[in-house]
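Here's the letter readout for the chains.
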Amino acid sequence: MQTRRIGTRQVSAIGLGAMPMSVREENDAEQARATIAEALERGVTLVDTADAYSRDEAEFGHNEDLVARVLRDLGRDDVLVATKGGHTRSGTDWELDGSRDHLHRACRASLQRLGVEQIDLYQHHRPDPAVPYAESIGALKELHDEGLIAAAGLSNADPDQIREAHGILGDALVAVQNQFSPAFRSSQPEIDLCEELGLAFLAWSPLGGMSDASSLGTTWSAFAEVADKHRVSPQQVCLAWELSLSPAVIPIPGASRPASVADSADAVHLVLDDEDLARLSA
Ligand SMILES: NC(=O)c1ccc[n+]([C@@H]2O[C@H](COP(=O)([O-])OP(=O)(O)OC[C@H]3O[C@@H](n4cnc5c(N)ncnc54)[C@H](OP(=O)(O)O)[C@@H]3O)[C@@H](O)[C@H]2O)c1
């Protein structure tokens, strides 16, 4: 499996987004277990979760519990688990709390659910307009100084916020997780900045999101054409294209079925030529 660097850790170039296993109306625990197992079997060593990945407020923490239980059962402590804090749930709504106190509480609750003494990568989920960004990022710095998190990440941050956070966190900052897909290419400045600062760029919803991923080839015909040429899926082409954009990029396609993650993980073996890449980037 091709690898990429997140701070001092080498991880698979394709990660697994675990969100689809916890947020849908129907959550199938056995299928989720099989999906994570399949990902690991294919060489995936990065799993992305968040405390807020659940159907609703009552199930808050569902996805962290699930990921931790499956990794424990499989005896895999070599997988980098990236989680997030800063979102809250109210009923089925998603809300924000970027306050220092909330992030301290949230991180400790995530440590408990993940069953570890230190979180591999703790990401601030989304800037909270009601809280100065420096306060939220300052909380991550404190968590790092306390040894509760091995490394810090940002999510949904713009270039100014990335530079501000880098000033506060220094080397403790190792990754930025922003949206990037054929339909959402406006994160290129953040990818460039990550490359400049030596940070990993985790691309979320890299296939266009849970409801649009299956129609990627219909919406974006160039991806279907290149897929036909290589006899692979348009989704696999999409992930290989994203990998080609920068050594900083690590797509984290979501999956709730083993077949999806098996196909996505194989994107690391797909070699696209210059003509393919020009077509896809056009
Ligand atoms: N930081 C943030 O604010 C934020 C926001 C959203 C998401 N995320 C993270 O990013 C991850 C990925 O985003 P996402 O799940 O929203 O969207 P996505 O990765 O673009 O799409 C996910 C869907 O794609 C399908 N899929 C995966 N691989 C496939 C393949 N090779 N062929 C066909 N279909 C395939 C899966 O279907 P099945 O479910 O049927 O397997 C899954 O439901 C999330 O899981 C989460 O970890 C972060």
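Residues numbered from 1 in each chain as written. Predicted model: local features only at pLDDT ≥ 70, side-chain atom pairs only at ≥ 80, totals over all residues. Heavy atoms only, no water.

Peer 1: Residue-level account of helix α10 (residues 258-265), with values.
Peer 2: Three- or four-residue spacings in an α-helix give side chains the same orientation, since the helix completes a turn every 3.6 residues. Those residues of α10 that sit buried are Val-261, Ala-262, Ser-264 and Ala-265. Mapping the buried residues of α10 onto a view down its axis gives an arc of 165°, with all of them on the same face. Taken together, the buried residues of α10 touch β3 (16-17), α1 (29-41) and α9 (234-245). (Buried < 20%, exposed > 50% of the residue type's maximum accessible area, 1.4 Å probe, protein only. Helix = DSSP H or I, 4+ residues; strand = E, 2+ residues; numbered from the N terminus. Arc of directions from axis to C-beta. Contact = heavy atoms within 4.5 Å.)

Peer 1: How would you sum up the pairing of strand β2 (residues 9-12)? Please name residues and give values.
Peer 2: Pairing between strand β1 (residues 3-6) and β2: four bridges, direction antiparallel. Counterpart to Thr-3 in the pairing with β2 is Ser-12. Counting the residues that bridge the hairpin from β1 to β2 gives two residues, and of these Gly-7 lies at a positive phi of roughly 60°. (Pairing = 2+ DSSP bridges.)

Peer 1: Describe in detail the nonpolar core, supporting the description with residues and values.
Peer 2: Across soluble globular proteins, nonpolar side chains have a tendency to be buried as a group. Counting 71 residues, the largest nonpolar core has Leu-16 and Leu-154 as its most contacted members. With six residues, the single largest contributor to this core is α9. Those residues in contact with Leu-154 that sit more than four places away from it in its chain are His-124, Tyr-133, Ile-137, Gln-161, Ile-162, Ala-165, Leu-173, Ala-175, Val-176 and Gln-177. Judged by nonpolar contacts, the second largest core, of 13 residues, contains Leu-46, Leu-121, Ala-200 and Leu-202. (Core = buried A, V, L, I, M, F, W, Y, C linked by side-chain atoms within 4.5 Å.)

Peer 1: Go over the site of the ligand, please, and point to the residues and values.
Peer 2: What surrounds the ligand is a group of 31 residues, the closest being Asp-48, Gly-254, Ser-256, Arg-257 and Ser-260. At a separation of 2.8 Å, a nitrogen atom of the ligand approaches a polar side-chain atom of Ser-155. Between an oxygen atom of the ligand and a side-chain N or O atom of Asn-156, the distance comes to 2.9 Å. For the ligand, whose free accessible area comes to 900 Å², the fraction covered by protein is 92%. (Near = heavy atom within 4 Å. Polar contact = N/O pair within 3.5 Å; in protein donor to acceptor, adjacent residues only side chain to side chain. Areas by Shrake-Rupley, 256 points an atom, 1.4 Å probe, with all protein chains shown as cover.)

Keep in mind that these numbers describe shape and distance, not what the molecule does.
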